[in-house]
Amino acid sequence: MMRMAKNRLERPVTEESLDAAQLELGVDFQDAECLLISEVKVLLEAQYDSKKEEKNLDEVYTKTLEYAQKFSRYTNRDTIKEVRALLKPTELEPFECAQLGNLCCNEYEEAKSLVPSIGSKISDEDLDSLLKQMDSLKKYQS
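Rules used in this analysis
Residues numbered from 1 in each chain as written. Predicted model: local features only at pLDDT ≥ 70, side-chain atom pairs only at ≥ 80, totals over all residues. Heavy atoms only, no water. Helix = DSSP H or I, 4+ residues; strand = E, 2+ residues; numbered from the N terminus. Buried < 20%, exposed > 50% of the residue type's maximum accessible area, 1.4 Å probe, protein only. Contact = heavy atoms within 4.5 Å. Areas by Shrake-Rupley, 256 points an atom, 1.4 Å probe, with all protein chains shown as cover. Phe/Tyr/Trp six-rings, centres within 6.5 Å; stacked < 30°, edge-to-face > 60°. Axes fitted to C-alpha atoms, helices over the stretch in contact; angles between N-to-C directions. Left-handed = near helix turned anticlockwise from the far one by under 90°. Nonpolar A, V, L, I, M, F, W, Y, C, P; charged D, E, K, R; others polar.

**Focus: the overall build of the chain**
From N to C terminus, the chain includes six helices and two strands. Secondary structure of the chain in N-to-C order comes out as β-β-α-α-α-α-α-α. Out of the 142 residues in the chain, the part that is buried amounts to 30%. Taking contacts inside the chain between residues at least 6 apart in sequence as the whole, the part at least 24 apart equals 59%. Per element, the accessible surface of the chain, about 10200 Å² overall, is 50% carbon and sulfur.

Shown next, in the form of structure tokens:
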């Protein structure tokens, strides 16, 4: 149920409490696939030529592509697949995996601070090893 805000500048207040730190993302994201920014970049670039030929490049598409190109951590498809393969066997939720893949943290403390829902789902040693493997993939991608 939604309550109206006290003044027009405030957003409506919902009864549902959303908190990404607790993986409370709302019903819209319950079954959604979480992508790495690098995966979004690959998808958008694959559509670019056909959209350009059709002169169908709107501002949202262009700005999203620019954002994905700027913040993409992995530059080729093989590396993206390898990162996904590293993250898949963990006990982490898809949202947490995407966050780790996008943030590219250097230390497990940093990862747990930025993605607090990880909590005790993965040991510090395993998380540290995972982060080092991801960093190695990022450094040595061709």
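**Considerations on the packing of aromatic side chains**
How two aromatic rings sit relative to each other is given by the distance of their centres and the angle of their planes. If you walk through the whole model with that rule in mind, you get one aromatic pair. Look at Tyr67 and Phe71: their rings are 4.7 Å apart centre to centre, the planes differ by 45°, and that puts the pair in the tilted class. Separated by four residues within a single helix, Tyr67 and Phe71 lie in helix H2 (residues 59–71), roughly one turn from each other. Using a relative accessible area of 31% as the deciding quantity, one classes Phe71 as partly exposed.

**Some words on the packing of helix H1 (residues 37–53) against helix H3 (residues 77–87)**
Contact geometry of H1 with H3 gives a least axis separation of 10 Å together with a crossing angle of 140°. The element H1 and its partner H3 pack so that their crossing is left-handed. Residues Ser38, Glu39 and Val42 of H1 touch H3, and the partners they reach there are Arg77, Ile80 and Arg84. By residue class, the composition of the contact of H1 with H3 is two nonpolar, one polar and three charged.

The values are spatial; any link to function lies outside them.
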